[in-house]
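Breakdown of the fold
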Amino acid sequence: MLNYLWAGMILIGIVYGAFRGSLADVTNAVLDSSKEAVMLCITMMGVMSLWMGLMEIASKAGVIQAASKAIAPIIRFFFPDIPKDHKANEYITTNFIANILGLGWAATPAGLQAMDALGELEDDRRSGKAPGIVREKGTASNEMCTFLILNISSLQLIPINIIAYRSQYGSVNPAGIVGAGIVATLVSTLTGCIFCKVAERRNE
């Protein structure tokens, strides 16, 4: 769907430029945008490399493990039906920590692994190897829906990506968005938490 949307927008822009007699401006804009895209990729590569390196150092130093233990009660509150020793807990925790630090791209692999692990948990429930509500194959579990909603709401203390974008485009104070970002993501996360628990009780 997004491919059709973007293709349609590009086509409309070209047709509009042709009717206005400004195809030269369209061509220049395409070239300038391509150059900006490459520069933005280089900027983001540097930022992500820095923070991924810091995350690796934090992991080696035991900081990530300590943070995982700190938010373990929160994970149990939202995912009470996941066995304590299940690998999904580790992936979910890693994803949440990366999101809180604003490393949205770095959180993606852990998020995909968490969904795979939750899918395996559903298979175990169908085969009787794990306790819990058995659903039809292809139906998302409560844990999957809750994880997806909390992941999308994404509470962030340091919006690294936005700071990098603002720096790339010449913002005087790239980090000035931090306060507004915390408030916005806090509201979205609280809304997501309330919705998840209400929906869970309605399903029960």
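Located above this text is the structure these notes cover.
Presented here is an overview of the structure given in this document.

Reading the values: the criteria
- Residues numbered from 1 in each chain as written.
- Predicted model: local features only at pLDDT ≥ 70, side-chain atom pairs only at ≥ 80, totals over all residues.
- Heavy atoms only, no water.
- Helix = DSSP H or I, 4+ residues; strand = E, 2+ residues; numbered from the N terminus.
- Rg over C-alpha atoms; globule rule 2.2 N^0.38 Å.
- Buried < 20%, exposed > 50% of the residue type's maximum accessible area, 1.4 Å probe, protein only.
- Contact = heavy atoms within 4.5 Å.
- Areas by Shrake-Rupley, 256 points an atom, 1.4 Å probe, with all protein chains shown as cover.
- Axes fitted to C-alpha atoms, helices over the stretch in contact; angles between N-to-C directions.
- Parallel < 35°, antiparallel > 145°, perpendicular 65-115°, else oblique.
- Nonpolar A, V, L, I, M, F, W, Y, C, P; charged D, E, K, R; others polar.

Concerning the overall build of the chain
Helix and strand content of the chain: eight helices and zero strands. Reading the chain from its N end, one meets helices and strands in the order α-α-α-α-α-α-α-α. The C-alpha radius of gyration computed for the chain amounts to 21 Å, which surpasses the reference 17 Å derived for 204 residues by more than 25%, pointing to a less compact arrangement than a globule. Along the first, second and third principal axes, the C-alpha atoms of the chain reach 65 × 40 × 25 Å. For the chain, the residues scored as buried account for 28% of the 204 residues in total. Within the chain, contacts between residues separated by at least 24 positions form 61% of all contacts whose residues are at least 6 apart in sequence. Just so you have it, the chain exposes about 13100 Å², and 68% of that area is on carbon and sulfur atoms.

Notes on the packing of helix H3 (residues 63–78) against helix H4 (residues 87–100)
When two helices pack together, their arrangement is given by the angle between the helix axes and the distance between those axes. Packing of H3 against H4 leaves a shortest axis separation of 10 Å and a crossing angle of 105°. As far as their axial angle goes, H4 and H3 are roughly perpendicular. Residues Ile 64, Ala 67, Ser 68, Ile 71, Ile 75 and Arg 76 of H3 pack against Asn 89, Ile 92, Thr 93, Phe 96 and Ile 97 of H4. Its residues assigned to classes, the contact of H3 with H4 shows seven nonpolar, three polar and one charged.

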